[in-house]
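# Fold and geometry: a report
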Amino acid sequence: MEMEIDGAGTERVAILDAGAQYGKVIDRRVRELNVESVLLPLDTAAYTLKEAGYRGIIISGGPNSVYSDDAPRYDADIFRIDIPVLGICYGMQMMNKEFGGTVVKKEHREDGVNSVELDDKSNLFKGLEKRQEVLLTHGDSIDKVADNFKVVGTSGNLVTAISNEKNRLYGLQFHPEVDLTPSGREIFSNFLRGVCGLPGTFCLQDRQAKCLTVIKEAVGENKVLMLLSGGVDSTVCCALLHKALDPEQVVAVHIDNGFMRKNESVNVEASLSAVGLQVKVVKANLEFMNGHTMIGDKKTGLLCQTVDPEVKRKIIGDTFMNVANRIIQDLNLDPEKVVLGQGTLRPDLIESASSLATTGGAEASCIKTHHNDTMLVRQLREKGRVVEPLKDFHKDEVRAIGRELGLPTELTVRHPFPGPGLAIRVLCSNGEINMERDFSETQVLCRLVVNYEEMVNKEHALLNRIENVTTEEERVVLAGKSKKQKYTATLLPIKTVGVQGDHRSYSYAVGISSVSDPDWEDLLYFAKIIPRVCHNVNRICYIFGGPVEHPVMEVTPTFLTPIVLATIRQADHLAHQVLANAGKNSAVSQMPVVLIPVHFDRSQLERVPSCCRSVVIRPFITQDFMTGVPAIPGKDLSIDLVSKMVSEIGTVPGISRVMYDLTSKPPGTTEWE
């Protein structure tokens, strides 16, 4: 990847990439403030930055510890060349260590939205209220503040912001670049305009024109095999291909992998045909069900017998490539003259830890492998045989391009649906439970949170675990919420994918149930506190149907069989039908419906076998799909609508209970797998 260093004659800032999940989001936020930015390797020389005329430096977060043996290298002089520096998370810890401070791994980590106290006298926080909600995702924290630096932000007894105003050096332990930090834009504006003195006169190059140029350069005289899912990403990509190329160069194919929603393939073909995009539908369900791949030098089992979510994703992604190769043969095309077209977005590459999403060899943590970024796809990229004009954009930007292209609203606002389809919305299990040594203690801690007031009165021995990670004010609020009614917290012996501290996590889910209808704001508060107390929990749900009386000690064997897929397909159809009929599709950004191998309400004494499964609905609200929040019943969706969904899903045979996902991202990803 060519790296543009020169900043002379411009008003640019340099973003030094330490392997962050949100590195490209920083880039986007800066450009939204009409300041040009360039992503560069973390070890870019200070002399190079000075000579190039950069007006500011932003150092991203990253998954490493500043004390680890594999900590990324950097030029320490970047802090001493009279260019303002803003260090975010890992960048702040680098800065603090460089000037004599110390960083330690705390007993507890912070993941999720927290309140922080900011010093509004600092140039970085001018015009802001002192109390701010921000996204914190870290395990390492400042122990000793660097010489000549001042603490300008705290969360309880933890340092969340430092500054050296004289040398224009600033560090933030939280993420100002994401939507979960509402005042992040103002913080960047204060740094770029107030500290760096940039006027904000840069204008983004026309996005559509840039995409068309990328396509023409990548494709040339070749043909493009465009894999169309029918979602907004692939649809916009296909429309761009048709605009940039001769129509005969574009071969649009929709592969029905057997994991589509009810009537999905038929609807995709009809909706695309209506806007002049002719698509060939290829049925390949058996190839996917019996698909396998190589991971390293080992051959995987068949997809229909696989339970590991990462292996499932890799098999599906590589099977897409194998089916694409078959289609090329069936159409008598020359493989050397065919380029693969994909609607890959920036978040896909970030979460897959693709080198396209980081700079200069920085290593991000793989959260989950996206089907459009498997090893086979990466090999094709290296050969220059993949065209991905949207790879630098986020979902809302792609929707804007779709509107510019004249695509109808029903296509541009359509909820995303993952390429692997329902296959990754089924948590598969061979019947083995996920219960590590910490399971029993974690179960107790979760109950302590939801019954906090009662446990304080009983002087429970583990209350210090909550006290260590909360402020006195938070505990007062928790006590008030926990005494409103009797809540039951049930730790589930399954694990889900999350993102915590720029790392992938694979952790427990917790279900909360109650005797009467819950206060959803109280549930969201529990969902905020529990992952802070229990670092091995990354997802919190509400369980409808009254209190769960029995612990879940077994799981139902679950594979991608026709019956299992029919169950999730019908539950998904009913839930989305309720949402659409109420005219509320636009109220949420996405609503995954997930099947989990949990059979509730089974007494261990009666020895009833675990044979049913439960359904989770995840109405989710986001702008960039890198962070987001759950839709709140009674606020974003009506209580009646949610109840209708639960009632309809309950009619599907084999469903034990219905759950509602209350988790923000982070610590939970949008999808469960």
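Residues numbered from 1 in each chain as written. Predicted model: local features only at pLDDT ≥ 70, side-chain atom pairs only at ≥ 80, totals over all residues. Heavy atoms only, no water.

## Some thoughts on helix H19 (residues 562-581)
Because an α-helix completes one turn every 3.6 residues, residues spaced three or four positions apart along the sequence face the same direction. Under the convention used in this document: In this description a helix means any DSSP run of H or I spanning at least four residues, a strand means any run of E spanning at least two, and both kinds are numbered starting from the N terminus. Multiply 1.5 Å by the residue count of a helix minus one, and that product is the helix's expected span. Only protein chains enter the accessibility calculation, which uses a 1.4 Å probe; a residue is then buried when its area is under 20% of its type maximum, exposed when over 50%, and partly exposed in between. Residue contacts are counted whenever heavy atoms from the two residues lie within 4.5 Å of one another.
Between its first and last C-alpha atoms H19 spans 28 Å; for 20 residues at 1.5 Å apiece the expected length is 28 Å, and the two agree. Every buried residue of H19 is listed here: Val 564, Leu 565, Thr 567, Ile 568, Ala 571, Asp 572, Leu 574, Ala 575, His 576, Val 578 and Leu 579. Residues of H19 that are buried make contact with helix H8 (285-289), strand S20 (593-596), strand S21 (613-617), helix H20 (639-649) and strand S24 (655-661).

## Quick look at the confidence of the model for the chain
What counts is decided by this rule: Scored from 0 to 100, pLDDT records how confident the predictor is in each individual residue.
Per-residue confidence for the chain gives a mean pLDDT of 89, with 92% of residues at or over 70. Segment residues 349-360: pLDDT under 50, and 47 contacts once partners within four positions in sequence are set aside and those in other chains are kept. Overall, residues 362-372 carries pLDDT values under 50, and its contacts beyond four positions in sequence, including any with other chains, amount to 60 contacts.

## Notes on the sheet that holds strand S10 (residues 223-227)
Strand pairing in a sheet is mediated by backbone hydrogen bonds. Such pairs are either parallel or antiparallel. Quick reminder of the rule: At least two bridges found by DSSP between two strands is the condition for calling them paired.
Read from one edge of the open sheet, 5 strands run S12-S11-S10-S15-S16, paired in parallel fashion. Bordering the open sheet on either side are strand S12 (280-283) and strand S16 (386-387), each of which pairs with just one other strand. Summarising the sheet, strand S15 (residues 338-341) and S16 pair through 2 bridges and their orientation is parallel. If you follow Leu 340 over to S16, its bridge partner there is Val 386.

## Re the sheet that holds strand S18 (residues 503-514)
Our working definition: Every angle, taken between N-to-C directions, lies between 0 and 180 degrees, and every axis is a line fitted to C-alpha atoms, over only the stretch in contact when it is a helix.
Taken in spatial order, the 6 strands line up as S17-S18-S19-S24-S21-S20 in an open sheet, and their pairing is mixed. Two strands close off the open sheet at either side, each with one partner strand: strand S17 (487-500) and S20. Adjacent strand axes in the sheet meet at a mean angle of 30°, parallel and antiparallel pairs treated alike. Most of the contacts of H19 go to S20, to which it runs at about 145°, and overall it touches S20, S21 and S24.

## Remarks on the packing of aromatic side chains
Short version of the rule: Side-chain rings of Phe, Tyr and Trp (the six-membered ring for Trp) are treated as a pair once their centres are within 6.5 Å; stacked means planes under 30 degrees apart, edge-to-face means over 60, and tilted covers the remaining angles.
Per the counting criterion, the structure on display carries 12 aromatic pairs. Summarising the aromatic geometry, the rings of Tyr 487 and Phe 526 are spaced 5.2 Å apart at their centres and angled 80° between planes, so their arrangement reads as edge-to-face. Of this pair, Tyr 487 sits in strand S17 while Phe 526 is found in helix H18 (residues 520-533), placing the two residues 39 residues apart along the sequence. Residues Tyr 487 and Phe 526 agree in their burial class; the two are buried. Judged by centre distance (6.1 Å) and plane angle (45°), the ring pair of Trp 520 and Phe 544 falls under tilted. Here Trp 520, found in helix H18, pairs with Phe 544, found in the loop between strand S19 (537-543) and H19; they are 24 residues apart in sequence, far enough to count as distant. Under the relative-accessibility criterion, Phe 544 is labelled buried at 15%. Through pairs of rings, three or more aromatic residues link up here, namely Tyr 74, Phe 79, Phe 99 and Phe 149.

## Examining the packing of helix H5 (residues 207-219) against helix H6 (residues 232-244)
Stated formally: Note that the term roughly parallel is reserved for angles under 35 degrees, roughly antiparallel for angles over 145, roughly perpendicular for angles of 65 to 115, and oblique for everything else. Crossing handedness is read from the near helix: turned anticlockwise from the far helix by less than a right angle, it gives a left-handed crossing, and turned clockwise, a right-handed one. For this scheme, ten residues count as nonpolar: Ala, Val, Leu, Ile, Met, Phe, Trp, Tyr, Cys and Pro. Four count as charged, namely Asp, Glu, Lys and Arg, and the remainder, Gly too, count as polar.
At their nearest, the axes of H5 and H6 sit 9 Å apart, and the two run at 70° to each other. As summarised for this structure, H5 and H6 are arranged roughly perpendicular, according to the angle between their axes. You can see that H5 and H6 cross each other, and the crossing is right-handed. Judged by residue contacts, Gln 208, Cys 211, Leu 212, Ile 215 and Lys 216 of H5 engage Leu 240, Leu 241, Lys 243 and Ala 244 from H6. Along the lines of polarity and charge, the residues of the contact of H5 with H6 split into 6 nonpolar, 1 polar and 2 charged.

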